[in-house]
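Overview (structure and organization)
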Amino acid sequence: MSRFPSRRVFAFTLVELLVVIAIIGVLIALLLPAVQAAREAARRMQCTNNQKQYGLALHNYNAALKSFPGLAARRDRTNGSICCPGGQLISPHFWLLPYMEQNALYELLPKGNTTDRWLFGKCEPFDKVVADSAKMVSQVPIAAFRCPSDPAPNLMTTIAIDTNDCPAAAVTEATPTATNNYMCCIGSAEGTNYDIFFRTNGTFYNDSFTTLAAMIDGTSNVIVMSEAIIGDGTPRAAMTDKSILVSQPWLRCGLEELAGDNAHFTEYPGACGLVEPTDIASEAFASTEFFGWRGYMWLTARAPTTLFSTYSTPNPHYPDLGWRSNLGYYAARSFHTGGVNVTLGDGSVQFVSDTINPELWRDYGKVNSGKAKQGL
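Each value, and the rule that gives it
- Residues numbered from 1 in each chain as written.
- Predicted model: local features only at pLDDT ≥ 70, side-chain atom pairs only at ≥ 80, totals over all residues.
- Heavy atoms only, no water.
- Patch = residues over 30% accessible without salt bridge, like charges linked within 9 Å, V, L, I, M, F, W, Y side chains within 5 Å.
- Areas by Shrake-Rupley, 256 points an atom, 1.4 Å probe, with all protein chains shown as cover.
- Salt bridge = Lys/Arg side-chain N within 4 Å of Asp/Glu carboxyl O.
- Helix = DSSP H or I, 4+ residues; strand = E, 2+ residues; numbered from the N terminus.
- Phe/Tyr/Trp six-rings, centres within 6.5 Å; stacked < 30°, edge-to-face > 60°.
- Lys NZ or Arg CZ within 6 Å of the ring centre and 35° of its normal.
- Buried < 20%, exposed > 50% of the residue type's maximum accessible area, 1.4 Å probe, protein only.
- Contact = heavy atoms within 4.5 Å.
- Polar contact = N/O pair within 3.5 Å; in protein donor to acceptor, adjacent residues only side chain to side chain.

Quick look at a nonpolar patch on the surface now. A surface patch of nonpolar side chains, amounting to about 580 Å² of accessible area, comprises V15, V19, I23, V26, L27 and L30. Within the secondary structure, V19 is located in helix α1 (residues 14-65).

Here we come to the packing of aromatic side chains. Inspection of the entire model under this criterion finds 9 aromatic pairs. Through a chain of ring-to-ring contacts, the aromatic side chains of F94, W95 and Y106 assemble into a single cluster. Directly above the aromatic system of F351 lies the positively charged group of R44, at a separation of 3.9 Å from the ring centroid. In this structure, R362 packs its charged tip against the face of Y311, placed 3.9 Å from the ring centre.

Once that is clear, we can look at the side chain of T313. Within the secondary structure, T313 sits in the loop between β10 (307-308) and β11 (320-323). On the accessibility criterion, T313 (19% relative accessible area) is buried. Among residues more than four places away in sequence, those in contact with T313 are D354, I356, P358 and W361.

The next subject is the side chain of N193. Position of N193 relative to the elements: it lies in the loop between β5 (182-185) and β6 (223-227). Within the local environment of N193, its side chain forms a polar contact with the backbone nitrogen of N201, the two atoms lying 2.9 Å apart.

Dropping the structure here:
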């Protein structure tokens, strides 16, 4: 008989090991969505804080100048011309920089009686070179202008290009421009309220300088800002496979020749030749060109870059629809689940569901709807 007691060896069988691995896998699968949800909640909170900063800056601007900023040129248009708004108009984002602890950046852009009145080296065509005096400012990313849920880059490197002969400069490379998620509300875009050249029923349009007194509906009942998804950087592309563009930011009608280039100044033919499309989705998919430059530059007050309307409810399943730089139907969009953040005229921020009543949503884009609003 052995002098040493026998030792029993305890070990996992292969089946037991596989069961443990399977259990761990299930636990991880259950945990990951919770982790992702927590991360998205934090990102949405940061997005809310960004918009609160913007709302506070609006009210500080109003306290100093007795109005909200308009879509204003960097110098007086002495001849009264409203030509080429994309080349002249500067976004409210820029005018608010001193009230967002960005005064040094604000001072970098020449203002007043400057010989360089344009943000771009050329008025037409759509692809443009950023003017030398605006390059440095246009390339500075501002964290408060970016939603952390949007994975788009801080700099867009494919849009500000001139592919034609440019009288201002012989530039062949793109000028990187800092991107933007937060859009100012031009109104409901119903009827003729889609064109920033003219007075709209919203807070922002060409030289608007809206006062708090103009918000007849009450500052807590007027949307002044929401968010949008930044484009993929496509400068211009013919429409081929339209099935892949549902989530993309902007389509163009391809009807530039409609009734002459400037007919919309007096006749409002509409973004696609219609005073008010009854079916934006159908009109969008009838488009002939696609542009991926939504939010590509926070500095300029072009409709695709810094503006939106409440015509379409948040996160519509169809792309935005536009014609030229100041006309169109640009929706609020986000990567947040189920809706978008909006800033109201009183500076507060609310989360609005995709399923909001379309009529109520449009009314909230107006400063004077003539209705008693029930709340978002």
